[in-house]
Amino acid sequence: MRHSTEVNYKNVFFLGIVICFLTSCKNKGEWVISDFSKDTTLTANTRVRTPVALILQISGYASDSIEVKSIKLAGGRIQEELRFDHYHRKISVKFSPYKAKSGNIKIRYYIP
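From a predicted model like this one, the values you see are computed outputs, not experimental measurements.

Asks: Run through the nonpolar core, naming residues and quoting values.
Replies: Formed by 24 residues in total, the largest nonpolar core has its most connected members in L56, I66, V68, I105 and I107. Elements that contribute at least two residues to this core include exactly β1 (28-33), β2 (40-45), β3 (53-62), β4 (66-68), β6 (76-85), β7 (90-96) and β8 (103-110). Looking at this core element by element, the count peaks at 4 residues for β3. Excluding residues that lie within four positions of it along the chain, I66 makes contacts with F36, I71, K72, L73, I78, F95, S96, P97, Y98, A100 and I105.

Asks: Can you tell me about the sheet that holds β3, naming the residues and giving the values?
Replies: On the basis of which strands lie adjacent, the open sheet formed by 4 strands has the order β1-β8-β3-β6 and antiparallel pairing. Two strands close off the open sheet at either side, each with one partner strand: β1 and β6. The mean angle between the axes of side-by-side strands here comes to 15°, regardless of whether they run parallel or antiparallel.

Asks: Residue-level account of the pattern of salt bridges, with values.
Replies: A full pass over the atoms with the stated rule returns 5 salt bridges. The closest approach of N and O atoms between E30 and R108, which form a salt bridge, is 3.2 Å. Residue E30 is located in strand β1, and its partner R108 is located in strand β8; the two are separated by 78 residues in the primary sequence. Judged by relative accessible area, which is 40%, E30 ranks as partly exposed.

Rules and cut-offs
- Sequence order as written defines residue numbering, which begins from 1 separately in each chain.
- The model is predicted, so local features are restricted to residues of pLDDT at least 70 and side-chain atom pairs to those at 80 or more, both for listing and for counting; the totals for chains, interfaces and linings are taken over all residues.
- Side-chain measures here rest on the full set of heavy atoms in the structure, leaving out hydrogens and waters.
- For this analysis, a nonpolar core means a set of buried residues of the types Ala, Val, Leu, Ile, Met, Phe, Trp, Tyr and Cys, connected via side-chain atoms within 4.5 Å.
- Under the scheme applied here, a residue whose accessible area is under 20% of the maximum for its type counts as buried, over 50% as exposed, and between as partly exposed, the area being computed with a 1.4 Å probe on protein chains only.
- By the criteria applied, helices consist of DSSP H or I runs no shorter than four residues and strands consist of E runs no shorter than two, each listed in order from the N terminus.
- Only heavy atoms enter the contact rule, under which two residues are in contact if any of them lie within 4.5 Å.
- When DSSP finds two or more bridges between a pair of strands, those strands are recorded as paired.
- Interaxial angles span 0 to 180 degrees and are taken between N-to-C directions of axes, which are lines fitted to C-alpha atoms, for helices over the stretch in contact.
- Put simply, a salt bridge is a Lys or Arg side-chain nitrogen that is within 4 Å of an Asp or Glu carboxyl oxygen.

Structure representation (structure tokens):
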């Protein structure tokens, strides 16, 4: 019986392709909002087959209250995480400056 310590490069290559595919599934991303003059609908398409939740991480600064997906957030320094039931591959999030006149907000989305 012969034991080999040689690496099977075809298997390593295939495993690398599989890992690359799995980690590149587009189920997260971010939007940056600096225009507080109008309401904005943010959209993204994901590759998640059966989504059940949407997580939004909102960070940044707004001069007054803002509204994200119908949730009002107090102005000033913002650091919030919102979780929603979500059953679609396409994400649509409405951002409203509400009372804020200026700011810079980053909204990260993630579908687990």
